[in-house]
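These are the residues of each chain, in order.
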Amino acid sequence: MLITLEGLDGSGKTTVWEALQDTYPDAVFTREPTDSWYGDAVYRSINNDDADSLAELFLYTADHADHLSRVVRPALADDRMVISDRFSDSRFAYQAATLEDSELVRPLEYIQGIHRAFSREPDLTLYLDVDPELAAARSGSTNKFEQVAYLSKVQENYERLLKANPDRFVRVDTTEPPEVVLDRVEATIARFVNA
Ligand SMILES: Nc1ncnc2c1ncn2[C@@H]1O[C@H](COP(=O)(O)OP(=O)(O)O)[C@@H](O)[C@H]1O
Ligand SMILES: Cc1cn([C@H]2C[C@H](O)[C@@H](COP(=O)(O)OP(=O)(O)O)O2)c(=O)[nH]c1=O
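Small disclaimer: the values here were computed from a predicted structure and weren't measured.

Q: For this particular structure, what's the right way to read the pattern of salt bridges?
A: Charged atoms that come close allow side chains of opposite charge to pair. In this structure the tally under the stated criterion is 13 salt bridges. When the shortest N-O distance is used, the salt bridge between Arg 70 and Asp 66 registers 2.9 Å. Taken as a pair, Arg 70 and Asp 66 lie in helix α3 (residues 53-77) at a separation of four residues, close to a single helical turn. Salt-bridge contacts for Arg 171 lead to Asp 129; the nearest nitrogen and oxygen are separated by 2.9 Å. Residue Arg 171 is found in strand β5 (residues 169-173), and its partner Asp 129 is found in strand β4 (residues 124-129); the two are separated by 42 residues along the sequence. Classification of Arg 171 by relative accessible area gives partly exposed; the value is 42%. A single salt-bridge network, built from bridges that share partners, covers Asp 89, Glu 121 and Arg 168.

Shown next as structure tokens:
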């Protein structure tokens, strides 16, 4: 079973992901960008304000391909629960925003198409919902993606994904304190696992 955590920067994904490690000690905890050299390349691009957005999409996608074949698919083949802090939906939401004014006609659909050929859809995606202003304040706006205007576009893309996949996504309100958010996430996962 593949469970993913998605949301804007500062939505509290990593806080939840860390806490879940105590609740599910047998699960495989992983994340994108990964800690491989592909992930290092991605972080170099994140920290480069002049990075080409299309090149960046392919760096993130290369990291995802390696993540899938090296970590995710083997764990799922062993019947392990995999919990990933960000996954393909981050590309659909973020890179569709960076590529909005590019030569691509429908960036979100284009990026989904690339993934469809080789990727694996999560079974359950927890969307940690936060407005862009709070997200930027919580994340400290430390990189080029953490600005309110950009995060608003990313949020719109996430909303499109939620609308298109109502059975896979569960929205969690993150204006509540971290322990309440964690309770909601755990209850959702428990319902899903026991269904
Ligand atoms: N529910 C919450 N309410 C208030 N602050 C939170 C909440 N969840 C996380 N935070 C704080 O917001 C910041 C960003 O959280 P983090 O888990 O790193 O988010 P993300 O991984 O989505 O970027 C951290 O300082 C964290 O302590
Ligand atoms: C995985 C992924 C991340 N990102 C962005 C979101 C973040 O701004 C940045 C780094 O991700 P991450 O380390 O998860 O940041 P945070 O904990 O602040 O949410 O990379 C993409 O644009 N596309 C992607 O496919």
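Next comes the rest of the description.
Q: Where do I start with the pairing of strand β3 (residues 82-85) in this structure?
A: Regular strands show a simple pattern: their side chains alternate between the two faces of the sheet. Burial of the side chains of β3 extends over both faces: Val 82 and Ser 84 are buried on one face and Ile 83 and Asp 85 on the other. Looking at chain direction, strand β1 (residues 2-7) and β3 are connected through four bridges and run parallel. If you follow Thr 4 over to β3, its bridge partner there is Ser 84.

Q: What am I meant to see in the site of ligand 1 here?
A: Lining the immediate environment of ligand 1, one finds 14 residues, of which Gly 10, Lys 13, Thr 14, Thr 15 and Glu 176 sit closest. Taking Thr 14, its side chain carries an N or O atom lying 2.5 Å from an oxygen atom of ligand 1. Measuring from a nitrogen atom of ligand 1, one finds a backbone N or O atom of Pro 178 at 3.4 Å. Computed on the free molecule, ligand 1 has an accessible area of 570 Å², of which 65% lies beneath the protein chains in the complex. Looking at the shell around ligand 1, the elements that each hand over two or more residues are α1 (13-23) and α8 (178-194). Take the shell around ligand 1: its biggest share by element is three residues, from α1. Here the residues of the shell around ligand 1 sort into four nonpolar, six polar and four charged.

Q: Would you take a moment to explain unusual backbone geometry for this structure?
A: It is generally the case that most residues other than glycine have a negative phi and that most peptide bonds are trans. The amide bond that connects Glu 32 to the next residue, Pro 33, takes the cis arrangement and shows omega of -5 degrees. Counting through the fold element by element, Pro 33 comes out in the loop between β2 (28-31) and α2 (37-46). Despite not being glycine, Asp 79 shows a phi value in the positive range, around 65 degrees. Within the secondary structure, Asp 79 is located in the loop between α3 and β3. Even without being a glycine, Arg 86 presents a positive backbone phi close to 75 degrees. Tracing the backbone shows Arg 86 in the loop between β3 and α4 (88-98).

Q: Would you mind going over the confidence of the model for the chain with me for this structure?
A: Detailed reading of the predicted coordinates is not advisable wherever pLDDT falls low. Summing up the model confidence of the chain, the mean pLDDT is 96 and the portion of residues at 70 or higher is 100%. Reported for the predicted complex are a pTM of 0.97 and an ipTM of 0.97.

Q: Is there a simple way to explain the site of ligand 2 in this structure?
A: Near ligand 2 lie 17 residues; those nearest to it are Asp 9, Arg 31, Arg 86, Arg 91 and Gln 95. Between ligand 2 and the protein, one listed contact pairs an oxygen atom with a side-chain N or O atom of Lys 13 at 3.0 Å. For ligand 2, the accessible surface in isolation is 540 Å², of which the surrounding protein chains cover 91%. Contributions of two or more residues to the shell around ligand 2 are made by α1, α2 and α4. No other element matches the four residues that α4 contributes to the shell around ligand 2. Counted by class, the shell around ligand 2 contains six nonpolar, four polar and seven charged residues.

Q: Can you help me understand helix α7 (residues 148-164) in this one?
A: The periodicity of an α-helix, 3.6 residues per turn, causes residues three or four places apart in sequence to face the same way. Relative to the 24 Å expected for 17 residues at 1.5 Å per residue, α7 spans 24 Å between its end C-alpha atoms, a close match to the ideal helical length. Buried residues of α7: Tyr 150, Leu 151, Val 154, Asn 157, Tyr 158, Leu 161 and Leu 162, and no others. End-on, the buried residues of α7 take up no more than an arc of 145 degrees, which puts them together on one face. What points out from α7, more than 90 degrees from its buried face, is the exposed set Ala 149, Glu 156 and Lys 163. In the core, the buried residues of α7 are packed alongside β1, α4, α5 (107-116), β4, α6 (132-139) and β5.

Conventions we followed
- Residues numbered from 1 in each chain as written.
- Chains lettered and ligands numbered in written order.
- Predicted model: local features only at pLDDT ≥ 70, side-chain atom pairs only at ≥ 80, totals over all residues.
- Heavy atoms only, no water.
- Salt bridge = Lys/Arg side-chain N within 4 Å of Asp/Glu carboxyl O.
- Helix = DSSP H or I, 4+ residues; strand = E, 2+ residues; numbered from the N terminus.
- Buried < 20%, exposed > 50% of the residue type's maximum accessible area, 1.4 Å probe, protein only.
- Pairing = 2+ DSSP bridges.
- Near = heavy atom within 4 Å.
- Polar contact = N/O pair within 3.5 Å; in protein donor to acceptor, adjacent residues only side chain to side chain.
- Areas by Shrake-Rupley, 256 points an atom, 1.4 Å probe, with all protein chains shown as cover.
- Nonpolar A, V, L, I, M, F, W, Y, C, P; charged D, E, K, R; others polar.
- pLDDT = per-residue confidence, 0-100.
- Expected span 1.5 Å × (residues − 1).
- Arc of directions from axis to C-beta.
- Contact = heavy atoms within 4.5 Å.

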